[in-house]
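Structural overview
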Amino acid sequence: MTEAAAHGAHPPGFAHQFEDMQQQREAGNLGMWVFLVTEILFFGGMFTAYIVYRLLHYESFVTGSHLLEVKFGATNTYVLICSSLTMALAIRSAQTGKRKGQIIFWLILTMIFGALFLGLKFTFEWRHDYIEHIVPGFGFQYRPEWGSLGPGVQMFMCFYFFMTGMHAVHMIVGLGILTVLVIMTARNKFSPGYYAPLEISGLYWHFVDIVWIFLFALLYLIGGRY
Amino acid sequence: MSEHSEHTGHVVPVRTYLLVFFALMAGTALTTAVAYIDLGRWNTVVALAIAFTKMCLVILFFMHVKYATGLTRVVILCGFFWLAIMITLTLSDELTRVWEINPSGWSALLPFASRLL
């Protein structure tokens, strides 16, 4: 069999080292999950540090948590869940062989929700924090009512900005990936037989959603709000 | 293992996605509401339990792990197992340190242990 004939026999997107598309798809998903496991441990390191410092400075962390606005955190949680749904629907559209316009519609909607999340965070929440002088390194001011809790409050705000900041970086990367997916979809790269980039990017997007679910619970709702 | 011989993988019904979506939205509303009720240390337990439930819903349905191969599931469980090792071993050190010149015995650990919740 000539080289050209061998290529012609393959479905689009099929890589030669695999037995069939099913095996290729499972290998791809497995590989992405191995990467996500390293991400679990990456964020896990920060969560572990958070747990330790929360044990040492519990009252400070509660005081710091009460400086954050629950409405911002809750709104962003809703927005991210919406984006996860639209991402799942984008993949489903590709699986079921819908028109590429429909896939692009769901992908763009996902991007809008992702951008909305970042927009709310940067322009409302972090601006609010800056005006309140609770951004470490950018005009952070101790308040008299904190007393000896002050350094612990600053520590909490450091955790808050590093963890939500690292999450925001992942969101920005996700938006870049979604842009590439839109271009690939427009170029007819996907079919019901091959949509691996969509599926694997979806795993990443949902993972970032999960990280936020825990950040919301641990940073905003810690120790109650009553 | 997927029961489909097709290459497309498992197609989850839109209805399932919507149910999971509404469950996640309801969970967010619930966890926010519960934070305003004084449950003492149970506030943290409830918040984490709801977050864990939401995570499971996302992993199983949005991330298709309910329909994934056994190998993929084992890899995911290993990831969470290593996370558990990291947290457990760190705390086994942290919680058994007594920050006193003259340690007053195991009772000194109780304030630290109780702050876990």
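Cut-off values and rules
- Residues numbered from 1 in each chain as written.
- Chains lettered and ligands numbered in written order.
- Predicted model: local features only at pLDDT ≥ 70, side-chain atom pairs only at ≥ 80, totals over all residues.
- Domains from an automatic or database assignment.
- Nonpolar A, V, L, I, M, F, W, Y, C, P; charged D, E, K, R; others polar.
- Core = buried A, V, L, I, M, F, W, Y, C linked by C-beta atoms within 7 Å.
- Buried ≥ 20, exposed ≤ 12 C-beta atoms within 10 Å, placed from the backbone.
- Helix = DSSP H or I, 4+ residues; strand = E, 2+ residues; numbered from the N terminus.
- Contact = placed C-beta atoms within 7 Å.
- Axes fitted to C-alpha atoms, helices over the stretch in contact; angles between N-to-C directions.
- Parallel < 35°, antiparallel > 145°, perpendicular 65-115°, else oblique.
- Left-handed = near helix turned anticlockwise from the far one by under 90°.

Now for the domain arrangement of chain B. The assigned domain composition of chain B is domain 1 (8–68) and domain 2 (70–117). In the side of domain 1 of chain B that touches domain 2 of chain B, the residues fall into three nonpolar, one polar and one charged.

Ranked by internal contacts, the top residues of the largest apolar core, which has 72 residues, are A:Ala90, A:Val211, A:Phe214 and A:Ala217. Secondary-structure elements contributing two or more residues to this core are helix H2 (21–56), helix H4 (70–95), helix H5 (100–131), helix H6 (150–186) and helix H7 (196–220) of chain A together with helix H1 (14–35) and helix H2 (42–62) of chain B. Residue contributions to this core peak at 17 residues, all from H7(A). Excluding anything up to four places from it in sequence, A:Ala217 contacts B:Thr31, B:Ala47, B:Leu48 and B:Ala51.

Our focus in this paragraph is the interface of chain B and chain A. If you look at the interface, chain B gives 45 residues, while chain A gives 44 residues. Elements with a minimum of two residues in the side of chain B that touches chain A: H1, H2 and helix H3 (70–94) of chain B. Counting residues per element, the side of chain B that touches chain A draws most heavily on H3(B), at 14 residues. Split by residue class, the side of chain B that touches chain A holds 29 nonpolar, 12 polar and four charged.

Below, the discussion takes up the packing of H4(A) against H7(A). Packed helices, taken two at a time, are described by the angle between their axes plus the distance between the axes. Residues and elements named next belong to chain A. H7 packs onto H4 with a crossing angle of 165° between their chain directions and a minimal axis gap of 10 Å. Relative to H7, the element H4 is oriented roughly antiparallel. Here H4 runs over H7; the crossing is left-handed. Between H4 and H7, the contacting residues are Val70, Gly73, Thr77, Leu80, Ile81, Ser84, Met87, Ala88, Ala90, Ile91 and Ala94 on the first element and Leu198, Glu199, Gly202, Trp205, His206, Asp209, Trp212, Ile213, Phe216 and Tyr220 on the second. Per-class residue counts for the contact of H4 with H7 are 14 nonpolar, five polar and two charged.

The next subject is unusual backbone geometry. A positive phi is found at A:His133, a non-glycine position, where the angle reads about 60°. Assignment of secondary structure puts A:His133 in the loop between H5 and H6. Judged by C-beta crowding, with 13 C-beta atoms within 10 Å, A:His133 ranks as partly exposed. A positive phi is found at B:His64, a non-glycine position, where the angle reads about 60°. For B:His64, the position within the fold is in the loop between H2 and H3.

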